[in-house]
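Structure assessment
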Protein chains: 2
Amino acid sequence: MTSAVRRSDATRAAILVAARERFASDGYERATIRAIAADAGIDPSMVMRYYGNKEKLFAAAAEFDLQLPDAAGIPADQLGATLARHFLQRWEGDETLTALLRAAATNEAAAERMRSLFGDQLLPVAAAACPDPADAPRRAGLVASQMLGLALCRFVLRLPPVVAMTADEAAAWVGPTIQRYLTSATSA
Amino acid sequence: MTSAVRRSDATRAAILVAARERFASDGYERATIRAIAADAGIDPSMVMRYYGNKEKLFAAAAEFDLQLPDAAGIPADQLGATLARHFLQRWEGDETLTALLRAAATNEAAAERMRSLFGDQLLPVAAAACPDPADAPRRAGLVASQMLGLALCRFVLRLPPVVAMTADEAAAWVGPTIQRYLTSATSA
DNA sequence: AAGCGATGCCAACAGCTGTTGGCAAACGCT
DNA sequence: AGCGTTTGCCAACAGCTGTTGGCATCGCTT
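Residues numbered from 1 in each chain as written. Chains lettered and ligands numbered in written order. Predicted model: local features only at pLDDT ≥ 70, side-chain atom pairs only at ≥ 80, totals over all residues. Heavy atoms only, no water.

Considering the UniProt feature "domain: HTH tetR-type" (unreviewed entry) in chain A
Within the UniProt annotation, "domain: HTH tetR-type" (unreviewed entry) is assigned to residues 9-69 of chain A. Secondary structure over residues 9-69 of chain A splits into 75% helix and 0% strand, and the C-alpha atoms at its two ends are 31 Å apart. (UniProt positions renumbered as here; feature names shortened; annotations may be inferred. Helix = DSSP H or I, 4+ residues; strand = E, 2+ residues; numbered from the N terminus.)

Shown next as structure tokens:
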């Protein structure tokens, strides 16, 4: 039936978990269907049956909601720090974002997903927060550059001093940057 | 002889150019020896003869000098803007950095090279510029997070609003961030 | 002109990749 | 109990990968 719980749902879920781990640690091309299937304890052909092909498996594994807070509910001068903390928390609690970031460096579909992630989810927050809505894309892009760069150094490149910081320390440093990108009158 | 100009030097150089292009646009795993050789107009086996294997070829192609200016020669309050402009110029004029960045997302050797690039070249500048030398690694790491994030969004992910900015506009926005990471008394 | 190293290409290898089709066992319904 | 559907594994495929060894050719030295 359509809405009933199928016996294979557990397998489907196990595949997704294994896929996120592999994509996060190896990137798109080095994460093989065989390795993902082995991690999930099943045969590679099951992955194909349930997800069609590798691209669709990645699309399913990289589905993600940033769950950004509503800008309206936050004091205007706290927006940068709040967003910075939220980003780091979201990143640390879910491998999906690391998988997406690693894959996006070499896979065009993943890059496109990253672009739409920021277009659909970050841009509205920037538009609500910045003085001139016409500036919103640029400001959102700058916020993205800082947050993605922090994630890159911390979770992908693992630059020691960036890894050594606590999430709160990192947010305290980066918060004012985000704040300025969102709300400063000018760039100078 | 050792110091004479060999006939194969042109081939060696052509391989390196083709390798940088492929590594920059495709990343480490999707850049194949065959494709690089075809771009260079020679046989794949020549690549092996001259560079040993793919890893060593990448190591040769990813050799890079940031050519950072001496912090002593720059007014202290201009350091952020100067560094930001320098980074962007360096990035735009040479595919090597994009190759290194793309590859570093999925290849551990490339990531290690990226780490040592910032350890050897950026850290000294930060140490010379920041108030307390004990803070230098962290401050250099923060600078790296912003500059690499900008490069990621502009050259790898190609986020439209980040691509649309001129180098000077981008440097004007990011400069104060770098400045604060290097010289601010505290993070708050 | 003869010899020799440097330069280049061709063909092939073993291994891994995504992907497919067929067949056995388990399950759920009547 | 019997039957159709679901779930799973096995074996194999065609293609691509890095890498290797052998053989022709070019160019310089003597």
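Here we look at the interface of chain A and chain B
With 44 residues of chain A at the contact, the number on the chain B side is 44 residues. Across the contact surface, chain A and chain B share two salt bridges. The partner of Glu169 of chain B in a salt bridge is Arg138 of chain A, with the nearest N and O atoms 3.8 Å apart. Viewed at the interface, chain B and chain A are joined by 16 residue pairs in polar contact (both at pLDDT 80 or more). The element that contributes the greatest number of residues to the side of chain A that touches chain B is helix 8 (residues 136-156) of chain A, accounting for 14 residues. Taken together, the residues that form the side of chain A that touches chain B break down as 24 nonpolar, 10 polar and 10 charged. (Contact = heavy atoms within 4.5 Å. Salt bridge = Lys/Arg side-chain N within 4 Å of Asp/Glu carboxyl O. Polar contact = N/O pair within 3.5 Å; in protein donor to acceptor, adjacent residues only side chain to side chain. Nonpolar A, V, L, I, M, F, W, Y, C, P; charged D, E, K, R; others polar.)

Notes on the packing of aromatic side chains
Given two aromatic rings, one states the distance between the centres and the angle between the planes to describe the pair. All names here are of chain A. Using the criterion set out here, one finds 12 aromatic pairs over all chains in the structure. Consider the rings of Tyr28 and Phe58, whose centres lie 5.5 Å apart with planes at 85 degrees: the pair is edge-to-face. Taken together, the residues Tyr28 in helix 1 (residues 9-30) and Phe58 in helix 4 (residues 54-61) connect sequence positions 30 residues apart. In terms of burial, Tyr28 and Phe58 fall into one category: buried. With a centroid separation of 6.4 Å and 0 degrees between ring planes, the pair formed by Trp91 and Phe155 is classed as stacked. (Phe/Tyr/Trp six-rings, centres within 6.5 Å; stacked < 30°, edge-to-face > 60°. Buried < 20%, exposed > 50% of the residue type's maximum accessible area, 1.4 Å probe, protein only.)

So, the packing of helix 1 (residues 9-30) of chain B against helix 3 (residues 44-51) of chain B
Residue and element names in this part refer to chain B. Two elements in contact, helix 1 and helix 3, have axes whose closest approach is 11 Å; the angle formed by their N-to-C orientations is 105 degrees. Overall, the two elements helix 1 and helix 3 adopt an arrangement that is roughly perpendicular. On the side of helix 1, the interface is formed by Thr11, Arg12, Ile15 and Leu16, while helix 3 contributes Met46, Val47, Tyr50 and Tyr51. (Axes fitted to C-alpha atoms, helices over the stretch in contact; angles between N-to-C directions. Parallel < 35°, antiparallel > 145°, perpendicular 65-115°, else oblique.)

Quick look at the relation of the copies chain A and chain B
Aligned on chain B, chain A shows an RMSD of 0.0 Å; the corresponding rotation is 180 degrees and the shift along the axis is 0.0 Å. Both copies of the chain, as the preceding transformation shows, are related through a two-fold rotation axis. Within chain A, Gly149 of chain A has its C-alpha nearest the rotation axis, a separation of 1.7 Å. Of all interface residues in chain A, 100% are interface residues in chain B too; the two copies therefore contact each other through one and the same surface. (Least-squares fit on C-alpha atoms with pLDDT ≥ 70 in both.)

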